[in-house]
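Each chain, written out:
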Amino acid sequence: MRLSQIAAHLGGRLEGPDLEVSRLATPEGAKPGELVVVREPRWLEAALASGAALVLGEGIPWPQTPAHSVIFVSQMERVWPRLLALFERPLRWAEPGIHPSAVVESGAQVHPTAAIGAYALIRSGARIGAGAVVAPYAYVGEGAEVGEGAVLEPRVTLYPHSRVGPRCWIGTGAVVGVVGFGFQDGVRLPHTGRVVLEEGVELGAGSIVQRSVVGETRIGAHSKIGELVLIGHNVQIGREVVMVGASAVGGSVRIEDRVVMAGQVVLADHVRVGQGARVAGSSAVSKDIPPGETWAGGIPARPIREHWRRLAVLDWLVGVEKKIRRLIDKLS
C-alpha cells in the first residue's frame, strides 16, 4: 500500500515521499519499504535509523528529518487497531462447503455457506449456521449448535448439546462442554447440563469450559477469555467480561458484567465478583468482591488499598529491622 492510502484510511497527515510499504515492523528490526509505528519517544531513534516509514502520534518529538516519510496521527490508541487491520492476513481454515475428508453424520444440518474443514466430524443433530467455520480436525458433538459466523479453530472439541452463539471465536484446542470435576463420596457426579456461549464470545486456545451439573454454564455476550483458562461447572459469566490467560474459575462462580481479571487469577468455588470489579494478576480470590472494587495481593486477594497498606507496613518493618540490627551491632 502507498503511504497516502494509509494516511487517508487513518485520518492522518503524510509528510515526505509517498512510498509503498509492504508490512509493519518493529523499530529495531525494520527495513526500508516497511512501516514502523512509534508509540513512545524512546523508540524514535531506532525507527529513524532503520530507514523505514513512520507513523507518529501526537506528543512524540519530531526532529524534522526531510528524508523520512511520516504519517502524523492525533489519537494513536484509536488508530492502532485500524492500522493493524490493514496489514492483517486473515486465516482461512476452510473454504465454504464440506471438505471431502470431513464426516457429516445423517441428521446434522450444515448451512450451504458454512465451511467444514478437512477431517472435521459433525455428529447427528448438530447445526452449523450460515458463514460459520469448523476448521480441520474439529469435533462438533450430537445436538451441538454453532451460530452464524462463528469460528471453531483446528482441534476444537464441542461436546454434545453445547451452544456457540453467533460470531464467537473458539481458539485452537479449546474444549467446550467437558464433564466437570465434581464428586460425591468418591463417585463422579453426572453432569446433565450444557455450555452456552452467547454472541461474540472469544475463547482462547487450550481453554476448557465445563458443562453444568444441572442447567447451564454460561458466558455472556462479547466476553473475551484468554488462553489456557479453566472455567468450572455451573459458572455464570456476564457480558463484556475480560479474563486474561492462565486463570481458573471454580464451580458455581458468578462473574457479573464488565469485570476485568488479569492473568493467573484464581476464583474459589461459589465466589461472586460484582459488576465492573477488577482483579490484579496472580490473585487468589476466596471472598465475594463488591461491584466496582479493585482487588489484588496474591494469596489471599484483598481490596487494593488494603493491599497497598500492607505493603507499606512491610517496607516500614524492614527499615525498622535494619535500624535494630545496627543498634545491636553497636552495643555488641
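Residues numbered from 1 in each chain as written. Predicted model: local features only at pLDDT ≥ 70, side-chain atom pairs only at ≥ 80, totals over all residues. Heavy atoms only, no water.

Per an unreviewed UniProt entry, the chain carries the name UDP-3-O-(3-hydroxymyristoyl) glucosamine N-acyltransferase and comes from Allomeiothermus silvanus.

## Thoughts on the layout of surface pockets
Space left empty within the atom packing is revealed by a probe, the size of a water molecule, rolled over the atoms. Stated precisely, the cut-off is as follows: Here the term cavity refers to a set of points on a 1 Å grid, laid over the protein atoms alone, in which a 1.4 Å probe fits but cannot get out; the term pocket refers to an open set having protein on both sides within 12 Å along at least five of seven lines, with lining residues being those that place an atom within 4 Å of a point. Grid points are joined across faces, edges and corners, and a volume is the space filled by probe spheres set on the points. Three classes are used: nonpolar for Ala, Val, Leu, Ile, Met, Phe, Trp, Tyr, Cys and Pro, charged for Asp, Glu, Lys and Arg, and polar for all others, with Gly counted as polar. Secondary structure elements follow DSSP: runs of H or I no shorter than four residues count as helices, runs of E no shorter than two count as strands, and numbering proceeds from the N terminus.
By volume, the largest pocket is sized at about 250 Å³. As for the largest pocket, its lining consists of 15 residues, of which Leu91, Arg92, Val133, Val151 and Trp169 are closest to the centre. Of the residues belonging to the lining of the largest pocket, the class tally is ten nonpolar, two polar and three charged. Each pocket or cavity is described by its volume, and for the second largest pocket that value is around 180 Å³. Looking at the second largest pocket, it is lined by 14 residues, and the ones nearest its centre are Phe181, His233, Gly250, Gly251 and Asp269. Of all the secondary structure elements, the ones that give two or more residues to the lining of the second largest pocket are β30 (248-249) and β33 (266-267). For the lining of the second largest pocket, the class distribution of residues is six nonpolar, seven polar and one charged.

## So, the environment of arginine 39
Applied cut-off: Summary of the burial criterion: residues with accessible area below 20% of their type's maximum are buried, those above 50% are exposed, and those between are partly exposed, where the area comes from a 1.4 Å probe applied to protein chains only.
With respect to the helices, strands and loops of the structure, arginine 39 is situated in the loop between β3 (35-38) and α2 (44-50). Under the relative-accessibility criterion, arginine 39 is labelled partly exposed at 46%. Arginine 39 sits 216 residues away from isoleucine 255 along the chain, and the two C-alpha atoms are 34 Å apart.

## Looking at the pairing of strand β5 (residues 70-73)
Here is the rule we go by: When DSSP finds two or more bridges between a pair of strands, those strands are recorded as paired.
The alternating pattern of β5 places Val70 and Phe72 on one face and Ile71 and Val73 on the opposite face, and all of these are buried. Here three bridges tie strand β1 (residues 13-15) to β5, and the two strands are oriented antiparallel to one another. Within β5, the position partnered with glutamate 15 by the bridge is valine 70. Here strand β4 (residues 53-57) runs beside β5; their pairing, made up of four bridges, is parallel. Across the sheet, leucine 54 pairs through a bridge with valine 70, a residue of β5.

## Section: the pattern of salt bridges
Our working definition: Any carboxyl oxygen of Asp or Glu within 4 Å of a side-chain nitrogen of Lys or Arg constitutes a salt bridge here.
Evaluation of the coordinates by the stated rule reveals 17 salt bridges. In this structure, lysine 224 and glutamate 202 form a salt bridge, with 3.6 Å as the shortest nitrogen-oxygen distance. Within this pair, whereas lysine 224 is found in strand β26 (residues 224-225), its partner glutamate 202 is found in strand β23 (residues 202-203), the two being separated by 22 residues in sequence. Accessibility expressed as a relative area gives 33% for lysine 224, which makes it partly exposed. Given a relative accessible area of 39%, glutamate 202 falls into the partly exposed group. The partner of arginine 272 in a salt bridge is glutamate 256, with the nearest N and O atoms 3.1 Å apart. Residue arginine 272 is found in strand β34 (residues 272-273), and its partner glutamate 256 is found in the loop between β31 (254-255) and β32 (260-261); the two are separated by 16 residues along the sequence. Owing to a relative accessible area of 25%, glutamate 256 belongs among the partly exposed residues under this scheme. In the salt-bridge network here, residues are joined through shared partners; they are Arg194, Glu198, Glu216 and Arg218.

## A look at the domain arrangement of the chain
Where we set the bar: Where a domain begins and ends is set by an automatic assignment or by a domain database.
Annotation of the chain at the domain level lists domain 1 (3-87), domain 2 (97-295) and domain 3 (306-331). Here the C-alpha centre of domain 3 lies 49 Å away from the C-alpha centre of domain 1.

## Section: the nonpolar core
Formally: Buried Ala, Val, Leu, Ile, Met, Phe, Trp, Tyr and Cys residues that are joined via side-chain atoms within 4.5 Å together make up what is termed a nonpolar core. Any two residues whose heavy atoms approach within 4.5 Å are treated as being in contact.
Residues Ile128, Val140, Ile170, Ile255 and Leu267 are the most contacted members of the largest nonpolar core, which totals 51 residues. Other than its neighbours up to four places away in sequence, valine 140 contacts Leu121, Ile122, Arg123, Ala126, Ile128, Val134, Val146, Leu152 and Leu158. Counting 15 residues, the second largest nonpolar core, distinct from the first, contains Leu3, Ala7, Ile71 and Val73.

## Side note on the pairing of strand β22 (residues 194-197)
Bridge count for strand β17 (residues 163-164) against β22 is two bridges, and the pairing is parallel. Along β22, the bridge assignment pairs valine 164 with leucine 197.

## Brief notes about the sheet that holds strand β24 (residues 208-210)
Spatial strand order, β7-β10-β13-β16-β19-β24-β27-β30-β33-β36: ten strands in an open sheet with parallel pairing. On the outer flanks of this sheet lie β7 (103-104) and β36 (284-285), each paired with one strand and no other. Sheet topology places β30 next to β33; two bridges connect them, and they run parallel. Of the residues in β33, the one forming a bridge with valine 249 is leucine 267.

## Some thoughts on the sheet that holds β1
The test is simple: Axis angles are defined between N-to-C directions and span 0 to 180 degrees, where every axis is a line fitted to C-alpha atoms and, for a helix, only to the segment in contact.
Strand order in the open sheet formed by five strands is β1-β5-β4-β3-β2, with mixed pairing between adjacent strands. Two strands close off the open sheet at either side, each with one partner strand: β1 and β2 (24-25). When β3 meets β4, the two strands line up parallel, connected through four bridges. Considered in β4, the bridge of valine 38 is made with leucine 56. Helix-sheet contacts for helix α1 (residues 3-10) involve β1, β3, β4 and β5, and the interaxial angle to β5 is about 5°. Contacts from helix α3 (residues 76-87) reach β2, β3, β4 and β5 within the one sheet, and its direction differs from that of β3 by about 160°.

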